[in-house]
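Structure assessment
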Amino acid sequence: MLESVKHVILVLSGKGGVGKSTVSTQLALTLKEKDFKVGLLDIDLCGPSIPYLLQLEGQDVHQADGGWVPVYTDKDQKLAVMSIGFLLNNRNNAVVWRGPKKTAMVRQFLTDVCWGDLDYLLIDTPPGTSDEHISVMESLKGVKCDGAIIVTTPQQMSTEDVRKEITFCKKTGIPVLGLVENMSGFVCPSCTECTNIFSKGGGEALANLAQVPFLGVLPIDPRVGSLLGKACVTELPDSPSAKTFNEIAEKLTT
C-alpha cells in the first residue's frame, strides 16, 4: 500500500505534551497548501488527537476491495487521514490494549490503507520508543523512509528525553531530518509580542550537540491552537509559526 508513496516521514517526541500532533497536523496542512498530495497517519493509539485537530471527528472509515479508505479533508482529496479515532464510538473511550494488539493495528494501518498516489505520508507516533515505533520500522523495511522530525520543548527535562529519541533513531537506522523546538515563548493574542515563559534555546543547543539539523522554533500561539482544520500559513501568514512551517516545508521539499 505504500509503494505509491514518494516520501515517508515520522514525527517523534521523547515525551508527551510537547505538541507533536499539532506540529504533524500543521505540517501536513502546509504541504497541502503547497499543492502536494499528503497523507497523515495517526498511530498514537492511546491518544489519537488528529481527528479533533482536523475537525474530522465522527467521520467513518470505509472498507474497499484493496483495504481501508482514509478520510479526506477536502473535495480534491489532497489530504488523506487515518486514525484509530475514526474507529472509536466515543472520543472519551480508552484504548486498553496490550502490546501485541497495538502492534497488529499499527501494521494494519501501514499495510491495509488505500493511500493512493501520495507525495508525502506523515506518521504521527506516540511519545517515547515503544512497541508502536518498532512495529513501524519493521513494517517500513521494504519502503524507503526519508527520516524523522523530532519535536521537543526548550526545558531540560524534555531535551533529555529527546536525546533518547535520537539514540533510538541511530540504533534503528532512521535518519534524523531535524529537530523542532516547540512552545518556545508565548505569543500574546492581543499585541502579538512573544514572551519566554519557559526557557529558550534548549532544542537548538541539543541539535548542535547531537549534530542534527535544527528546523526552527514554534511559540505557544493561542491563535494557531484555535485553527482546527485550517493551515496557519494561510490563516496567519505573518505569524512566527507560519514562517517556521514554511521553512520546514521548504527544507523537506527541496
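Residues numbered from 1 in each chain as written. Predicted model: local features only at pLDDT ≥ 70, side-chain atom pairs only at ≥ 80, totals over all residues. Heavy atoms only, no water.

**What to know about the overall build of the chain**
- Scanning the chain from N- to C-terminus turns up 9 helices and 11 strands.
- Taking 254 residues into account, the globule formula puts the C-alpha radius of gyration at 18 Å, and the chain, at 17 Å, falls close to it.
- A principal-axis box enclosing the C-alpha atoms of the chain has dimensions of 50 × 40 × 40 Å.
- When each of the 254 residues of the chain is scored for burial, the buried share is 51%.
- Of the contacts formed within the chain by residues at least 6 apart in sequence, a portion of 77% connects residues at least 24 apart.
- Accessible surface for the chain amounts to roughly 11,800 Å². Of this, 48% is attributable to carbon and sulfur atoms. (Helix = DSSP H or I, 4+ residues; strand = E, 2+ residues; numbered from the N terminus. Rg over C-alpha atoms; globule rule 2.2 N^0.38 Å. Buried < 20%, exposed > 50% of the residue type's maximum accessible area, 1.4 Å probe, protein only. Contact = heavy atoms within 4.5 Å. Areas by Shrake-Rupley, 256 points an atom, 1.4 Å probe, with all protein chains shown as cover.)

**Overview of the pairing of strand β8 (residues 147–152)**
- Across the 6 residues that make up β8, a large majority, 6, are buried.
- Here strand β1 (residues 5–13) pairs with β8 via 5 bridges, running parallel. By the bridge assignment for β8, Ser13 is matched with Val151. (Pairing = 2+ DSSP bridges.)

**As for the nonpolar core**
- Ranked by internal contacts, the top residues of the largest apolar core, which has 77 residues, are Leu10, Leu41, Phe109, Trp115 and Ile123.
- Ranked by the residues each element gives to this core, the list is headed by β1, at 6 residues. (Core = buried A, V, L, I, M, F, W, Y, C linked by side-chain atoms within 4.5 Å.)

**Details of the pattern of salt bridges**
- What the rule picks out here adds up to 6 salt bridges.
- Between Asp119 and Lys6 there is a salt bridge, with the nearest N and O atoms lying 3.3 Å from each other. Placement of the pair is Asp119 in strand β7 (residues 118–124) and Lys6 in strand β1, with a sequence separation of 113 residues.
- Residues Asp161 and Lys164 are paired through a salt bridge, measuring 3.6 Å at the closest nitrogen-oxygen approach. Here Asp161 and its partner Lys164 are both found in helix α5 (residues 156–172), 3 residues apart, which amounts to about one turn of the helix. (Salt bridge = Lys/Arg side-chain N within 4 Å of Asp/Glu carboxyl O.)

**Re the side chain of Glu181**
- Its place among the elements puts Glu181 in strand β9 (residues 176–187).
- At a separation of 2.7 Å, a polar atom in the side chain of Glu181 contacts the main-chain amide nitrogen of Gly203.
- Leaving out residues up to four positions away in the same chain, Glu181 has contacts with Thr152, Pro154, Lys200, Gly201, Gly202, Gly203, Glu204, Phe214, Gly216, Val217 and Leu218. (Polar contact = N/O pair within 3.5 Å; in protein donor to acceptor, adjacent residues only side chain to side chain.)

**A short note on the pairing of strand β6 (residues 79–83)**
- Where burial is concerned, most of β6 is hidden: 5 out of the 5 residues are buried.
- Going residue by residue along β6, you find Leu79, Val81 and Ser83 tucked away on one face and Ala80 and Met82 tucked away on the opposite face as well.
- Sheet analysis places strand β2 (residues 38–42) next to β6, joined by 5 bridges and oriented parallel. From the neighbouring strand, Asp42 faces β6, where its bridge partner is Ser83.
- Here strand β5 (residues 71–72) pairs with β6 via 2 bridges, running antiparallel. Its bridge partner being in β6, Val71 is matched across the sheet by Val81.

**Describing the environment of Ser4**
- Note that Ser4 resides in the segment before β1.
- Exposure remark for Ser4: the relative accessible area of 27% places this residue in the partly exposed category.
- As a C-alpha pair, Ser4 and Leu218 span 214 residues in sequence and 32 Å in three-dimensional space.
- Ignoring sequence-local partners within four residues, the contact set of Ser4 consists of Gly116, Asp117 and Leu118.

**Concerning the packing of helix α1 (residues 20–33) against helix α9 (residues 240–253)**
- Relative orientation of the contacting elements α1 and α9 amounts to 65°, with a least axis distance of 10 Å. Considering the angle they form, α1 stands roughly perpendicular to α9. The two elements α1 and α9 cross, and the hand of that crossing is right-handed. Where α1 abuts α9, its residues Val23, Gln26, Leu27, Thr30 and Leu31 lie against Phe245, Asn246, Ile248, Ala249, Leu252 and Thr253.
- Its residues assigned to classes, the contact of α1 with α9 comprises 7 nonpolar, 4 polar and no charged. (Axes fitted to C-alpha atoms, helices over the stretch in contact; angles between N-to-C directions. Parallel < 35°, antiparallel > 145°, perpendicular 65-115°, else oblique. Left-handed = near helix turned anticlockwise from the far one by under 90°. Nonpolar A, V, L, I, M, F, W, Y, C, P; charged D, E, K, R; others polar.)

Read these as layout, nothing more, since geometry by itself doesn't imply function.
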